[in-house]
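# Commentary on secondary and tertiary structure
Chain by chain, the residues run as shown.
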Amino acid sequence: MDGAASFCGSFCHNIPSICDSALLRVLLVTLSLLCADVEALQVIGGSVTVEQGSTAILSCYVIDTNDDLTQITWQRKTREKPHNDNFLTILPREGAQFVNGGDDRFKYIGNFNNKNGTLQFSNVALKDEGSYTCIFTLFPSGNQKTEIPLNLLVPPFSSVKDNLPTLGTEEVLFATCTAAGSKPPAEVRWLTGALGDNMRSTTNSTQYDNGTTTTVSSLFGVPTREINGHQVRCDISGDSLSTERSLPFTIQVYFSPTEVNITVISEDSFECVTEAKPNANFTWSRSGQSLLESSVKVDGAKLQLLSLTSDLNGLYQCEASNTYGSKRGQLYVHMASGVCLDFFGNVSQQMNQLLTVQRNKNNNRWSNLCDSCGSKG
């Protein structure tokens, strides 16, 4: 309480002889009314919590008083300005006036005549978090104030990073799920579903000077073919998020190309087949000679012989490669008289069966020519 209240509380105690005078009874009644008015007066404010980048309403007004209002003053103590700083005054005629530089994010939306000093504060940043004090200068009761804490919520930047594990028998890191720069700290957890005990996770947090926290959860397991392709999920929750975030992640186990086989598409077309993660790139070549564009056509894993002539005889190689390694398959082509084809190398069993069928068809048409070709697989 300011002057009038303390005076009322001690007046009769300090000078009781004056109180006995009938002449001063009117003064005592007046002072009693003044004391009652000061005790009833209230400055209404309250804590405010908003999300970073949104708008805060700093509500502040006086109730239960008939005092005259002469000025409203706003002070702040924030992360950016840790010392008490008068930044705005509101006068009955001049209105709102900034002190020591303006800030267009603040707008006075109260009513001076109603003893309302409420401010609208847009685009609130983490640097603005702190304490805001609303001070009413009243006559005759003096300065009356309330403190308004402003708290910020900062949603995290969330992401999942694949650690690119390769095929193996030892436990490795599969992926990390990160909730970066949140306030308050976010909770991060992995849901592994059917994989159950085959996976485990660890969680670590780092807190920064600006009050934010980065939380990282790491997922571990043994990189086998069986686990490849399974989907898991990272869930991120916390007070800074209105709803829980779910980030799906498909486990990928990476490996170099396995055995390279060559399959037949038709009697003059072949395809290089292998298993790899990521998918392999294919390169066809001819041992000791270049591939003639006029005689062959290459389309990725596929090779087509454009003319069935003996000048295409030779050893063809298909190389399958990715960032983890490479492997080759071979195809030997032998043609005689333009009609009889023999292929061998790492040609699939299915391919040999198809070629046998094709040879039987050719034999019906060119039986005399094929007698001298012989068979080589």
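Quick note: structure is the one above.
These numbers come from a predicted model, not from an experiment.

How each quantity is defined
- Residues numbered from 1 in each chain as written.
- Predicted model: local features only at pLDDT ≥ 70, side-chain atom pairs only at ≥ 80, totals over all residues.
- Heavy atoms only, no water.
- Helix = DSSP H or I, 4+ residues; strand = E, 2+ residues; numbered from the N terminus.
- Buried < 20%, exposed > 50% of the residue type's maximum accessible area, 1.4 Å probe, protein only.
- Contact = heavy atoms within 4.5 Å.
- Polar contact = N/O pair within 3.5 Å; in protein donor to acceptor, adjacent residues only side chain to side chain.
- Pairing = 2+ DSSP bridges.
- Axes fitted to C-alpha atoms, helices over the stretch in contact; angles between N-to-C directions.
- Salt bridge = Lys/Arg side-chain N within 4 Å of Asp/Glu carboxyl O.
- Core = buried A, V, L, I, M, F, W, Y, C linked by side-chain atoms within 4.5 Å.

## A closer look at the overall build of the chain
- A tally of regular secondary structure across the chain gives four helices and 26 strands.
- Counting the 377 residues in the chain, one finds 38% classified as buried.

## Considering the environment of N210
- Relative to the assigned elements, N210 resides in the loop between strand 15 (199-207) and strand 16 (213-221).
- Judged by relative accessible area, which is 36%, N210 ranks as partly exposed.
- Along the sequence, N210 and R79 sit 131 residues apart, while their C-alpha atoms lie 8.0 Å from each other.
- Once you skip the residues sitting within four places of it in the chain, N210 turns out to touch R79 and L126.
- A distance of 2.7 Å separates a polar atom in the side chain of N210 from a polar atom in the side chain of T212.

## So, the sheet that holds strand 15
- Overall, antiparallel pairing links the four strands, which are arranged 12-13-16-15 in an open sheet. Either end of the sheet is taken by a strand with one partner, and the two such strands are strand 12 (157-162) and strand 15. Neighbour-to-neighbour, the strand axes of this sheet turn through a mean angle of 15°, independent of strand direction.
- Bridge analysis of strand 13 (residues 172-182) against strand 16 gives eight bridges, and the strand direction is antiparallel.

## Re the pattern of salt bridges
- On inspection of all chains with the given rule, the structure shows eleven salt bridges.
- A salt bridge links E129 to R79, with the shortest nitrogen-to-oxygen separation between them at 2.9 Å. Of this pair, E129 sits in the loop between strand 9 (119-121) and strand 10 (130-139) while R79 sits in the loop between strand 5 (68-78) and strand 6 (85-91); the two residues are 50 residues apart in sequence, bridging distant segments of the chain.
- On the basis of relative accessible area, E129 is assigned to the buried category, the value being 9%.
- Here the salt bridges do not stand alone but share partners, grouping R76, K81 and D85 into one network.

## Observations regarding the nonpolar core
- Ranked by size, the top nonpolar core spans 28 residues in total, and within it L58, I72, W74, Y132, F136 and L150 carry the most contacts.
- Within the residue set of this core, elements represented by two or more residues are strand 2 (48-51), strand 3 (56-58), strand 5, strand 6, strand 9, strand 10 and strand 11 (142-153).
- Examining the composition of this core, we find that four residues originate from one element, strand 10, more than from any other.
- Not counting chain neighbours up to four residues away, the residues in contact with L58 comprise V48, W74, F106, T118, L119, Y132, I148 and L150.

## Remarks on unusual backbone geometry
- Each neighbour pair has its own omega, and for K183 with P184 the value is -5°, a cis peptide bond.
- Counting through the fold element by element, P184 comes out in the loop between strand 13 and strand 14 (187-191).
- The peptide bond linking K277 to P278 adopts the cis configuration, its omega dihedral lying at 0°.
- Structurally, P278 can be placed in the loop between strand 20 (269-273) and strand 21 (281-286).

These figures come from the coordinates and say nothing about function on their own.
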